[in-house]
Every structure is written in structure tokens, then in C-alpha cells.
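# Inside the fold
This is what each chain is made of:
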Amino acid sequence: MPTALITGITGQDGSYLAELLLSKGYTVYGLVRRSSTPNTSRIEHLKEKIKIVTGDLSDLSSMVTVVAESNPDEFYNLAAQSFVAESWRTPYTTASVTALGVINCLEAIRKINPKIKFYQAGSSEQFGKVQTVPQNESTPWYPRSPYGCSKVFAHEIVRNYRESYGIHASVGILFNHESERRGIEFVTRKITHGTARIKLGLQKKITLGNMDAKRDWGHSKDYVEAMWLILQQPIPGDFVVGSGEAHSVREFVKESFLALGMNISFSGEGINEKGYVDGELVLEISKEHFRPAEVDYLIADSSKAEKILGWKRKISFKELISLMTTYDYENEKMKNHTNNYINETKKEPKIKQESIPEKIQGLSYSQNSILRTFIK
Ligand code: NAP
Ligand code: F7E
């Protein structure tokens, strides 16, 4: 059975890709970088099935060690500083990881075993200020952020190693893909999480930036399938992967509210735009969430992927939003019930006992039994 190494396994895509490869019988190694508290929540359920190796993409010697230790057949490089807005605040770090880190992966392959197949997580942000509509493998780059520039560098260095050393190295130029595991700072999850909390009365409003930006959104589960298919090809290359549909941030907001039975209406323009449900203000705009340069409109032409890989997304735009919003609603509801219960039981008499762990000493009987369940 083949072995795969995944960098970025603690991220959204890494966790879904690990699940996919395990289901196909792979031995899966995942690179995790050190943090002061564990941030492995997305792969907690896989911990017994995968092999964790520690290292950092920006450290060549750690990448060489990790590749030597795992000696994979397939190497999926998903690690990156992936938040576009953050890349203006940390351009150097973004480039060190997202651009130069790719050299470390490729050098490790070249030195340890040039037969390892390599997948690089490319991005539609490479197209930035788009030069053709829709975008395909021939569309020229015009990146609009330090993140986009780093992904262009990564793309070109992968092509160079392929042509210079004959490495089976490919790039998937993936358009936006989201999920219930999406980071909370990305616009889709910020919206679905906010909508759920508004419905539950836990939050009054959501504050966003540019509502007119259009993205080609799909579900991460479908996109990790494309990653795997790319490495199964006899000839390495570049593949655009997206749904072929573009929607504005405003449309995403509307659908997310609808998913929980709320009809949002908008009034005003630009920074003055507002959203109301039954006369209540639920959405406003703040300058703080606008970027120094925007990518206005992305839409994929995935005909090469459809033809050669036989890939097509299964989860539609509306299904994606419904899945994310419902998940956030159920999750927030459960968290809120638990918090209320714990607050209520704080009033109960405290138990005195010597035989229970320090963590749960001094709690009420009901708090104690809840925490005991969690600790188990
Ligand atoms: P994500 O959730 O932000 O995950 C990024 C992963 O990279 C995390 O596991 C993170 O580890 C890891 N990482 C960051 N810096 C690292 C370093 N120095 N060394 C080792 N690991 C490091 O991103 P994602 O959405 O899953 O995306 C996966 C990849 O696809 C990224 O390369 C992203 O740029 C690219 N991409 C994403 C999309 C999309 O729409 N999701 C579209 C196109 C391309 P920690 O958990 O420790 O932070
Ligand atoms: O922004 C607008 C924002 O941060 C989408 C990454 O996975 O996909 C992702 O990058 C749009 C932008 O994703 C807010 O200005 C409005 O136009 O969710 P995002 P992104 O920048 O498209 C690409 C393909 C990647 O490769 C990246 O790794 O939404 N927007 N208001 C907002 N965005 C955020 N985050 N927050 C807002 O309040």
C-alpha cells in the first residue's frame, strides 16, 4: 500500500485529505509544527490512524529529516500562511513559508528520493486581477497580495524542478473551497458562524468588508479528491480546479440567513450598506475588513481537470452554505446549553472529595458529572 506525507495536515484540507487517503488504504504521515498548546482539533479523530512527524516548512533540515523518515510515494504540500488579509501584515513570514518553503520540500525530495510524486497547493489568488474570464491553465498571473505573489513563486519553482530534474511535481490551482472545518477568519465561516449565533440570540450583528467581491466557492471534500487524482496521472502538470460558478459575498450572506429561515434585506451602498431581518440590524460594513488591493472576480474554467482527471464537484453552492450554517447552528446551540447548565449548577453546594483529579475539585455535583464525561 502506498505511503503519503501531508504538510498542513492540521488545516482544513489536510484533515479531509488524510481521511480520503486512509479510506484508500494509504499509510499517512502528517507534518505538524510545534505550538505552545496543541492545535490538532481537526485531526483528533485520526490520531490513532496517522503518523505525526514534527518539523517546519521554513526549515530545510527538518524537511529533509521528515522526508527521510516517512519516505513517501506521494508528498502533498498543503502547508502555508493561507490567510490573504494577514499576508500584508506578515509579508516576509508569508513568503518564507508559502513561497520559499516549497523549495525546502523540493530539495528534500531531490536529495532523498527524486521518485517521490509531489503535489503543490496552488491558488486562484495567482490570477488576482484577472486577465481572462473564466481562468484556466493559460491565464497569465497578476497576483494582488504577498500571499498571491508567494503562490506564483511556488508555482514557478515547481515547474522548474519538474523541468530541471524530471521530478513528478504538479500544481493544483484550486479556487476557494470551504467547509465546516474552515478557519473562522475566512469570510464564509465568519458569515455562517455569525448567522447561527444571531439566530440563537447570542450575537446581534456581523461586520464585513467588501460585499461585491465574487468567488468560485466549493466544498473542501470535493477538492481533496482532485489533489489525489492529480498525483495519479502518468504525466505531471498544472490543473485548474473550481466549480465554474461565481457568487458575491452578499449572495453568500443571503443564502446563509435563508438556511436558518431568515430573510435578510440590504439597504445602502459601500461602507454604508446594512442588512436587516424583521427590521433588526444584523449586518454592517467596516473599513477595517477591506484589503489594500482586492481580487474582484474569480471563476474557474476546469475543463482540463474534467477531461483528464474526470473531476467534477459534487456539493453545490447552496448545499455548501446549508452544511456550514447548520453545523454552526447545532454546534453553537450545544455550547450554549452546556454553558447555561454550568452557570446554573454553580449555585449548587460544592462537593468535597479527595479521590478526584485536581482539575474538577470544588465543582458542584452536576458540573462534576459533566466534566467527568468530557474527561473520559
Ligand atoms: P489552512 O486551514 O490555513 O491550513 C494551513 C496549514 O499549514 C495548517 O496545518 C498550518 O499549521 C500549516 N502551516 C502553516 N505554516 C507552517 C509552517 N511554517 N510549517 C508547517 N506547517 C505550516 O489552509 P487550507 O484552507 O487547508 O489550505 C491548504 C492549502 O491550500 C494552503 O497551502 C492554501 O494556501 C492552499 N489553498 C487553499 C484554498 C482554500 O480555499 N482553502 C484555495 C487555494 C489554495 P498550523 O495548524 O500549525 O497553523
Ligand atoms: O475572502 C471578502 C474579501 O478571506 C474572500 C484562501 O483560502 O481563497 C481564500 O482567500 C472575499 C475577499 O478568502 C470580509 O475581501 C468581505 O474578497 O474568505 P477570504 P480569499 O481571500 O478569497 C484563496 C483561493 C486562497 O488560496 C486562500 O488561501 O471576501 N470579504 N468581508 C471578507 N473576507 C474576510 N476574510 N473577512 C471579512 O470580513
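Up top is the structure.
### Brief notes about the overall build of the protein
- Along its length, the protein carries 11 helices and 15 strands.
- Taken over C-alpha atoms, the radius of gyration comes to 23 Å for the protein, in line with the 21 Å a tight globule of 376 residues would show.
- Taken along the three principal axes of its C-alpha coordinates, the protein extends 70 × 60 × 35 Å.
- A buried classification covers 42% of the 376 residues belonging to the protein.
- By sequence separation, contacts in the protein at least 24 residues apart represent 72% of the contacts at least 6 residues apart.

### What about the site of ligand 2?
- Taken together, the neighbourhood of ligand 2 is formed by 23 residues, with Val84, Ser123, Val187, Gly209 and Ala213 sitting nearest.
- Those elements giving two or more residues to the shell around ligand 2 turn out to be helix H3 (84-89) and helix H6 (187-199).
- Among the elements that take part in the shell around ligand 2, H6 stands out by supplying three residues, more than any other.
- Of the residues that constitute the shell around ligand 2, the class distribution is nine nonpolar, eight polar and six charged.

### A look at the site of ligand 1
- Looking at ligand 1, there are 26 residues lining it, with Gly8, Gly11, Ala79, Ala80 and Ala121 nearest.
- Considering each element in turn, the shell around ligand 1 owes the most residues, three residues, to helix H1 (residues 12-23).
- Residue composition of the shell around ligand 1, by class: eight nonpolar, 15 polar and three charged.

### As for the packing of helix H2 (residues 60-70) against helix H4 (residues 91-112)
- Following both chains from N to C, one finds H2 and H4 inclined at 50°, their axes separated by 9 Å at the closest point. With respect to each other, H2 and H4 are oriented oblique. The chirality of how H2 crosses H4 is right-handed. Contacts between H2 and H4 involve Leu60, Met63, Val64, Val67 and Ala68 from the former and Asn104, Cys105, Glu107, Ala108, Ile109, Lys111 and Ile112 from the latter.
- Considered class by class, the residues forming the contact of H2 with H4 number nine nonpolar, one polar and two charged.

Rules used throughout
- Residues numbered from 1 in each chain as written.
- Chains lettered and ligands numbered in written order.
- Predicted model: local features only at pLDDT ≥ 70, side-chain atom pairs only at ≥ 80, totals over all residues.
- Helix = DSSP H or I, 4+ residues; strand = E, 2+ residues; numbered from the N terminus.
- Rg over C-alpha atoms; globule rule 2.2 N^0.38 Å.
- Buried ≥ 20, exposed ≤ 12 C-beta atoms within 10 Å, placed from the backbone.
- Contact = placed C-beta atoms within 7 Å.
- Near = placed C-beta within 6 Å.
- Nonpolar A, V, L, I, M, F, W, Y, C, P; charged D, E, K, R; others polar.
- Axes fitted to C-alpha atoms, helices over the stretch in contact; angles between N-to-C directions.
- Parallel < 35°, antiparallel > 145°, perpendicular 65-115°, else oblique.
- Left-handed = near helix turned anticlockwise from the far one by under 90°.

Remember that the coordinates give geometry; whether it matters functionally is a separate question.
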